[in-house]
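Here's the letter readout for the chains.
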Amino acid sequence: MLASVTSATLSGAVGRTVSVEVHVSNGLPGFTIVGLPDAAVREARDRVRAAVLSSGLQWPLRRVTVNLAPSGVRKAGAGLDLPIAVGLLVAAGALSPACTEGLAFCGELGLNGSLRHVPGMIALADATDAPELVVPLDDVAEAALVRGNTVHGVATLADLVRILRGQAAWPPPPEPKRARRSTTEPDLRDVRGQILGRRALEVAAAGRHHLLMIGPPGSGKTMLAERLVGLLPPLTRPESLTVTRIFSAAGAALPETALFERPPFRAPHHQASIVSLVGGGSWSLRPGEVSLATHGVLFLDELGEFPIAALESLRQPLEEGVIRVNRVGGTVTFPASFLLVAAMNPCPCGEGVYEGACTCSVATRARYRRRISNPLLDRFDLVVPVSRPDPEDLLSRVPGESTEAVAARVAAARSRAAARDADALPVMAPEASDLLSTRLREGALSARGLTKISRVAQTLADLAEEDEISFLHVSEALSLRAGTAAVVA
Amino acid sequence: MSAALPEAAYAVALSLSPAVGPATLRRLLADGAPSATWARASDESGQTAEEVAKIWDDHVRRGITVLLQSDSRYPRRLREDPEGPAVLFCLGDPGALEWPATVAVVGTRAPTRYGIGVAAQLGADLSAAGVCIVSGLALGIDAAAHEGACGAGSPPVGVVAGGLGEPYPRRHARLWERVAGEGVIVSESPVGARTERWRFPARNRLLAALSDVVVVVESRHQGGSRHTVAAALERGAPVGAVPGSIRSATSEGTNALLAEGAFPVCSATDVLVSLSLAGVEPAPFAVSENPEGATVATRQRAEPASEEERLVFAVLSSDPAPLDDLLRATSLSLPALCGALERLARSGLARDAGGWWELA
């Protein structure tokens, strides 16, 4: 007998519909899976057999062939366990073909017949075109994000068989969990002094300007970067779906509500491989750190220590907001639009900014700086020198301005910017444009630099709630990019 | 054609002969007219008159002045020197070599930022005080000293080892042009001479001979500056050294020199004092003492215009300070501070040093 059940498999961060065909015929008892299964899918035969038997059902002592169509697409992961088991039960006559009409199945089986979590459930739920979807109980919240109430959660295979036979009803969907505002998020209140660094964070968050901080070890670069995410506004619904989709595809843990509401913060180590940064893998393409940081912050500490190839691979996502990964298994495009924050020492010994304290030779310093290519450096709108905080500030009992207060200004500036006509030319005071043209004539500013300064100055005007870009805004924008000289010189 | 060639052409041809070093050349040219000496040697070397003309053309075309000891423009300091080169090649104005006070600023080719800063400062301050800076145009300290000296008032003098045909090192092509334009570059190697190793210590000897005082800014243990120092001591010229950290490898040589009796150089004034000890006075030049003791040429200064600018101007110093420090010192807001700094920079009172600010 033949049965066909709908399911889906994951390719990169996108799901693809898979039709699971099961054929049971006379012959020597055996179990074959065809249609480009990966190791996890091939092992399904043992899990499915054990699960069927432990659910108190009969295993057909006949020849079983499972075909996963379309046969040209690689099938990955254990999510196909459940549709294979259901198809087998239909083909063996334990279930009627009619009861699987209009249903799609996704889920991994335990040997005892229980249903387990499958990574990438959002994408899988998106891909299945059947009217209703059956998933493990754990994954209902995630699948419901895109499928609403056409999702059914089941705990075990035995439960599912009872429901399909009409002996029981679908269990009610689990109570949606309430989002709890995490109290562990680092607050700007803990940062003492660092007026310039704090201001740079505020501007970066308000205008989505990429930020590079240059300073000696222990000056608080990492501390500042960790607090940037708190200044960003909460994710919009489409943004949080994108973020959740990517985390889900990467198999990363999701929040209790299944949906990410705060922008993600990713800080890969400088020894991370290029594949883990940009995404990849030979067959099952997984999103990398640049995609996991989408709509959030990607923090690269010790920028100068990252392999040059890794840094250069950031140029495409910085320009296009996506990353294309080409592998033997095919080409996948992952979203990768993040706010880049990087920190580096001024030189290998780290003391370069303090006159006389640096023990590096000029040649060593030049070599260190060459690691950051000018095209990459050009992507940063803000390049800020960070110096060690003053001891008085550190010991003072007065806390700094809180994240909440700064975030409010950021939100106001963002809505101001959003309300402005995007194509309108910025309004600039004559004195301000004079300053810019002087800098251009001196050769201290390139055409690209000019655009960046104007953009930052516009953000500063937004933060100050002023319509016109003034001399002060341009001066400050120049100061917030002045660290470039320290790197390029 | 060969009849029209000056005597110097034959001297150049002789100096290009691989068998002739500086000492031999000096002896050969002391014997008689270069053309006669050349005629005697040409049987052996096989050099034809056409070749001599070609070599000569090569020098003339590049604007290189060739000075023999008999030439009135041949520098006094080298004429008095026992090892003065028989033939001196100059690019630029040889008159710069007669400048009343000359100081060699030399040091390692791989300096730290400290060394570069000090060399540039000494170059600028001494040049502004009417002292001609002599250096080797090598990477590192030499170049920094000349960068500081160029345009500061007195003509710079570069002393190089190879021929004057091509700038060496390549990346100093622009500095090379500026030094030749404002002062002079000299060498005892003709264009086309092979750059053998011995030419570098020989250059250091020439450098010491041209200088009244030698200052070493940064030098490693057993660095090349030792040759210059030894040559200077042979000629009785005072040697100064810039003290450095005892933990810095690039200051090992200079600190050792100090221990051996070199005079410490902590500012341009120290060098000016030693110059008068060496019996020379810097050229008269409009200089004024500012409160910090460094000598700088007088210049018309603008005044800070607003209250904020005055406040910021008061906390700026010649040491670059980060914005965070300036914010704390002035209690201004960041935009106000940045605006005041930009306005001060526009009136030439402040300078942006890579995100840090200093007095201009």
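As the structure is a computational prediction, the values presented were derived from the model and not from experiment.

What counts, and where the lines are drawn
Residues numbered from 1 in each chain as written. Chains lettered and ligands numbered in written order. Predicted model: local features only at pLDDT ≥ 70, side-chain atom pairs only at ≥ 80, totals over all residues. Helix = DSSP H or I, 4+ residues; strand = E, 2+ residues; numbered from the N terminus. Buried ≥ 20, exposed ≤ 12 C-beta atoms within 10 Å, placed from the backbone. Contact = placed C-beta atoms within 7 Å. Pairing = 2+ DSSP bridges. Axes fitted to C-alpha atoms, helices over the stretch in contact; angles between N-to-C directions. Nonpolar A, V, L, I, M, F, W, Y, C, P; charged D, E, K, R; others polar. Arc of directions from axis to C-beta.

(A) A look at the overall build of chain A. In terms of helices and strands, chain A carries 21 helices and 18 strands. Across the 489 residues in chain A, those meeting the buried criterion constitute 47%. Looking at chain A alone, contacts between residues at least 24 apart form 74% of all its contacts between residues at least 6 apart.

(B) Quick look at the overall build of chain B. Helix and strand content of chain B: 15 helices and 14 strands. Out of the 360 residues in chain B, the part that is buried amounts to 49%. Within chain B, counting contacts between residues at least 6 apart in sequence, those at least 24 apart form 72% of the total.

(C) View of the sheet that holds strand β18 (residues 382-385) of chain A. Residue and element names in this part refer to chain A. Taken in spatial order, the five strands of this open sheet run β11-β14-β17-β10-β18, and their pairing is parallel. The sheet terminates laterally at β11 (265-266) and β18, the two strands that pair on one side only. In terms of strand pairing, strand β10 (residues 211-214) meets β18 through four bridges, oriented parallel. Pairing of Ile 214 across the sheet is with Pro 385, part of β18. On the sheet, helix α7 (residues 195-207) packs against β10, β17 (339-344) and β18 and is oriented at approximately 165 degrees with respect to β18.

(D) Broad picture of the interface of chain A and chain B. Taken together, the 29 residues of chain A in the interface contact 24 residues of chain B. Per-class residue counts for the side of chain A that touches chain B are 15 nonpolar, 10 polar and four charged.

(E) Geometry of helix α3 (residues 34-45) of chain B. Residues and elements named next belong to chain B. Every buried residue of α3 is accounted for by Pro 34, Ser 35, Thr 37 and Trp 38. Along the long axis of α3, the arc covered by the buried residues comes to 145 degrees, so they all point the same way. Structural note: α3 exposes Ala 36, Ala 39, Arg 40 and Asp 43 on the side pointing more than 90 degrees away from its buried face. Its buried side turned inward, α3 meets α1 (7-16) and α2 (22-31). In the stretch just after α3, Gly 46 is the one whose phi turns positive, near 75 degrees.

(F) Layout of helix α6 (residues 157-164) of chain A. All names here are of chain A. Every buried residue of α6 is accounted for by Leu 157, Leu 160, Val 161 and Leu 164. All buried residues of α6 fall inside an arc of 100 degrees around its axis, so they share one side. Elements that come into contact with the buried residues of α6 comprise α2 (44-54), α3 (81-91), β6 (108-109), β7 (115-116), β8 (132-136) and β9 (151-154). Just downstream of α6, Gly 166 is the residue with a positive phi angle, here 85 degrees.

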